[in-house]
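Single-letter residue listing:
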Amino acid sequence: MLREVHEHVVGELQQSGRTDTVFVVTAVLFNLVVLGINWAVAAAAHGNNPRAGNDWVLGLLIIATLLINFFSVRALFAGRQTRLKLITGLIEMYKDNSVDKYYDPELLDTYSVRYKLFVAVLVSLTAIAILVPLLVRFLD
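> Summarise the overall build of the chain; cite the residues concerned and give the values.
Helix and strand counts for the chain come out as three helices and zero strands. When the helices and strands of the chain are placed in sequence order, the string is α-α-α. Here the C-alpha atoms of the chain give a radius of gyration of 21 Å, more than 25% beyond the 14 Å that 2.2 N^0.38 yields for 140 residues. Projecting the C-alpha coordinates of the chain onto the three principal axes gives extents of approximately 75 × 25 × 15 Å. For the chain, the proportion of its 140 residues judged to be buried stands at 30%. Of the contacts made within the chain by residues no fewer than 6 positions apart, 83% connect residues no fewer than 24 positions apart. Carbon together with sulfur atoms contributes 67% to the accessible area of the chain, which is approximately 9,100 Å² in total. A gap of 6 Å separates the mean positions of the 12 positive and 12 negative side-chain charges of the chain.

> Describe the pattern of salt bridges, and please don't skip the residues or the numbers.
For the structure on display, the rule yields two salt bridges. Where R137 meets D55, a salt bridge forms, and the shortest distance between an N and an O atom there is 2.7 Å. Taken together, the residues R137 in helix 3 (residues 107-138) and D55 in helix 2 (residues 52-96) connect sequence positions 82 residues apart. Look at D55 and you get partly exposed, because its relative accessible area is 33%. In this structure, E92 engages K95 in a salt bridge whose closest nitrogen and oxygen atoms are separated by 3.8 Å. Here E92 pairs with K95, and both are found in helix 2, just three residues apart, close to one helical turn. On the basis of relative accessible area, E92 is assigned to the partly exposed category, the value being 40%.

> Just give me the short version of unusual backbone geometry, but keep the residues and values in it.
Phi is positive for S98, which is not a glycine, with a value near 55°. Summarising the element assignment, S98 is placed in the loop between helix 2 and helix 3.

> Hey, could you go over the nonpolar core for me, with residue numbers and the actual values?
Core analysis: the biggest nonpolar cluster contains eight residues, these being V9, L13, L86, I87, L90, I91, Y94 and Y103. Elements represented by at least two residues in this core include exactly helix 1 (2-46) and helix 2. Take this core: its biggest share by element is five residues, from helix 2.

> Please set out helix 3 residue by residue, giving values where relevant.
In an α-helix, one turn spans 3.6 residues; hence positions three or four apart end up facing the same way. With 32 residues, helix 3 extends 46 Å from end C-alpha to end C-alpha; this agrees with the ideal 46 Å at 1.5 Å per step. Within the span of helix 3, buried status applies to Y115, V119, L122, L125, T126, A129, I130, P133 and R137. As for helix 3, its buried residues are in contact with helix 1 and helix 2.

> Before we move on, could you go through the side chain of N31 and cite the residues and values that matter?
Looking at the secondary structure, you find N31 in helix 1. At a separation of 2.8 Å, a polar atom in the side chain of N31 contacts the side chain of N69. Excluding residues within four positions of it along the chain, N31 makes contact with T65, N69, L122, L125, T126 and A129.

Each value, and the rule that gives it
- Position numbers for residues start from 1 in each chain and track the written sequence from start to end.
- Side-chain atom pairs in this predicted model are given and counted only at pLDDT of 80 or more, local residue features only at pLDDT of at least 70, and totals for whole chains, interfaces and linings cover all residues.
- Hydrogens and water are ignored here; the side-chain numbers use all heavy atoms of the structure.
- Helix and strand definitions here come from DSSP, where helices need a minimum of 4 consecutive H or I residues and strands a minimum of 2 consecutive E residues; each element is numbered from the N-terminal end.
- Atoms considered for the radius of gyration are the C-alpha atoms alone. The globule rule reads 2.2 Å times the number of residues to the power 0.38.
- Any residue under 20% of the maximum accessible area for its type is buried, any over 50% is exposed, and the rest in between are partly exposed; the area is computed with a 1.4 Å probe on protein chains only.
- Only heavy atoms enter the contact rule, under which two residues are in contact if any of them lie within 4.5 Å.
- Note on areas: these come from Shrake-Rupley sampling with a 1.4 Å probe, and a residue is covered only by the protein chains present in the view.
- When charges are counted, neither His nor the chain ends are considered; positive counts come from Lys and Arg and negative counts from Asp and Glu.
- A single reference atom marks each charge: NZ on Lys, CZ on Arg, CG on Asp, CD on Glu.
- The salt bridge definition used is simple: a Lys or Arg side-chain nitrogen within 4 Å of an Asp or Glu carboxyl oxygen.
- As used here, the term nonpolar core means buried Ala, Val, Leu, Ile, Met, Phe, Trp, Tyr and Cys residues forming a set that is joined through side-chain atoms within 4.5 Å.
- Expected helix span is taken as 1.5 Å per residue step, with the number of steps being one fewer than the number of residues.
- Here a polar contact means two N or O atoms within 3.5 Å. Within protein one must be a hydrogen donor candidate and the other an acceptor candidate, and residues neighboring in sequence count only if both atoms are side-chain atoms.

Right, dumping it as structure tokens:
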């Protein structure tokens, strides 16, 4: 039974890792695409023949960018909590079976740093995807 529990926990960790990857990759790609679209819309709104609709599109895409990234960061926080609980359970299982010396608990800190870096990347890209087009739109 112990083997099945171990395999289940490891499977859950793998699924959590894949889910985190999907959220990060999706948010990064979304930010890059929106940066390009917003830049083009902002440039058109700043040009010789601006249309009011350009500012609406820019505004809606900024709101969408904030929402998508907010949900992605929330998903990463949930993934971090899930990973922490699962790994804590594994460590306890390893302690109970006297094999805990093979798993360094400092890995938990490494995972925490990795999640913080993922969030920093998303926040940075969000800021760039919003601020660059706004600068193009409102500065000469």
